[in-house]
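If you want the building blocks of each chain, they are given just below.
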Amino acid sequence: MSTPRSDELAAGLSAVRARVDAACTAAGRRAADVTLITVTKFFPAADAAELARLGSEDLGESREQEATAKVVDCAGLLDTSDLAPRWHMLGSIQRNKARAIARWAHSAHSVDSARLATALGAAAVSAADEGARSAPLDAYLQVSLDGDPARGGVAADQLDELADLTAGTTGLRLAGLMAVPPIGVEPTAAFARLAEIASRMQSQHPGATGISAGMSADLEAAIAHGSTCVRVGTAILGPRPITSQ
Ligand SMILES: *Cc1c(COP(=O)(O)O)cnc(C)c1O
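Residues numbered from 1 in each chain as written. Predicted model: local features only at pLDDT ≥ 70, side-chain atom pairs only at ≥ 80, totals over all residues. Heavy atoms only, no water.

Quick notes on the packing of aromatic side chains
The criterion, for reference: Whether two aromatic rings pair depends on their centres lying within 6.5 Å, for rings of Phe, Tyr and Trp, where Trp uses its six-membered ring; planes under 30 degrees apart make the pair stacked, over 60 edge-to-face, and the rest tilted. Two thresholds decide whether a charge sits over a ring: the Lys NZ or Arg CZ must be within 6 Å of the ring centre and within 35 degrees of the ring normal.
Applying the stated criterion across every chain yields a total of zero aromatic pairs. Directly above the aromatic system of Phe42 lies the positively charged group of Arg63, at a separation of 4.5 Å from the ring centroid.

Right, dumping it as structure tokens:
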């Protein structure tokens, strides 16, 4: 059924898909090689369900508490004939949330420490034992492009060690890298540096081909520099509602 909100979401989704397609064409890449994750954080489960009905196969969240409830609510709103979306955890993760996240997340995009990787691996193994998941959790290592640990991400010079550890952790699959351009840095320069770091890592871990980069404002620059996964919220759902949390 068409409602003003479903029309708005459909328009947002098709506009962003057109941007992704145009950016792929400009970069000489195939649109199928870039996954669009629609970021539903702060928006209700009804929006997530509507996006799934509109064909959004990948949805992203950044806060565990909000996400764990929304994943369940969204599934309840979808019909069995609808495609079940894959859910991705994008934000920073507290280790005590690993168990909950491993029950619903296809991937975690901000793995930035050995302790977190170990906790997520153990959580994914337990979730599999309990029948809550069937595949390893895709782990994207978040790289800090300005070396400021306060903003999350592992420093580039500590990446090799974390990549080796993640690749050797049961329950995880080393999927690739993720980054957010530092404030005040030109996104193009940031994504070019990320591509360089990714290619260095791939020489050691050839299967870790994922690059999670690009949001509403800078997805074109990210795709030009090899992003395989853009994470887009505002350009599809509109400005995020202000919450009291
Ligand atoms: C919120 C969020 C996004 C989406 O940002 P928009 O600018 O709304 O597209 C992408 N990545 C992460 C990690 C986020 O937390």
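Considerations on the site of the ligand
Here is the rule: Near is defined per residue: the residue qualifies when any heavy atom it owns lies within 4 Å of the molecule or strand. Side-chain atoms alone can form a polar contact between residues adjacent in sequence; in general such a contact is a pair of N or O atoms within 3.5 Å, and within protein one must be able to donate a hydrogen while the other accepts it. Note that accessible areas follow from Shrake-Rupley with a 1.4 Å probe, and for residues the cover is restricted to the protein chains shown. For this scheme, ten residues count as nonpolar: Ala, Val, Leu, Ile, Met, Phe, Trp, Tyr, Cys and Pro. Four count as charged, namely Asp, Glu, Lys and Arg, and the remainder, Gly too, count as polar.
The full set of residues close to the ligand is Val39, Lys41, Ser62, Leu90, Met178, Met215, Ser216, Arg231, Val232, Gly233, Thr234 and Arg240. In the model, an oxygen atom of the ligand is placed 2.6 Å from a nitrogen or oxygen of the Ser216 side chain. For the ligand, an oxygen atom lies 2.9 Å from a polar atom in the backbone of Gly233. Across the complex, the protein chains shield 86% of the 390 Å² of accessible surface that the ligand would expose by itself. Considering only residue class, the shell around the ligand consists of five nonpolar, four polar and three charged.

As for the side chain of Ser56
The test is simple: Each helix corresponds to a stretch of at least 4 residues labelled H or I by DSSP, and each strand to a stretch of at least 2 residues labelled E; elements are numbered beginning at the N terminus. Partly exposed residues are those whose accessible area sits between 20% and 50% of the maximum for their type, while under 20% is buried and over 50% is exposed, using a 1.4 Å probe and protein chains only. Throughout, a contact is declared for two residues whenever any of their heavy atoms are within 4.5 Å.
Relative to the elements of secondary structure, Ser56 occurs in the loop between α2 (45-53) and β2 (58-61). Overall, Ser56 belongs to the buried group, its relative accessible area being 4%. Separated by 2.7 Å, the side chains of Ser56 and Thr38 make a polar contact. With near-sequence residues (within four places) excluded, Ser56 lies in contact with Leu13, Arg17, Thr38, Leu51 and Pro85.

Some thoughts on the pairing of strand β4 (residues 105-111)
Note the cut-off: Paired strands, in this sense, are two strands between which DSSP finds at least two bridges. Place the viewer so that the strands point away; then a crossover is right-handed whenever the path from the first strand over the helix to the second strand goes clockwise.
With six of its seven residues buried, β4 lies for the most part within the structure. The pairing of strand β3 (residues 86-89) with β4 spans three bridges and is parallel. Paired with Trp87 across the strands is Ala105, a residue of β4. For the handedness criterion, the β-α-β arrangement of β3, helix α4 (residues 98-104) and β4 is classed as right-handed. Pairing geometry for β4 and strand β5 (residues 137-144), over three bridges, is parallel.

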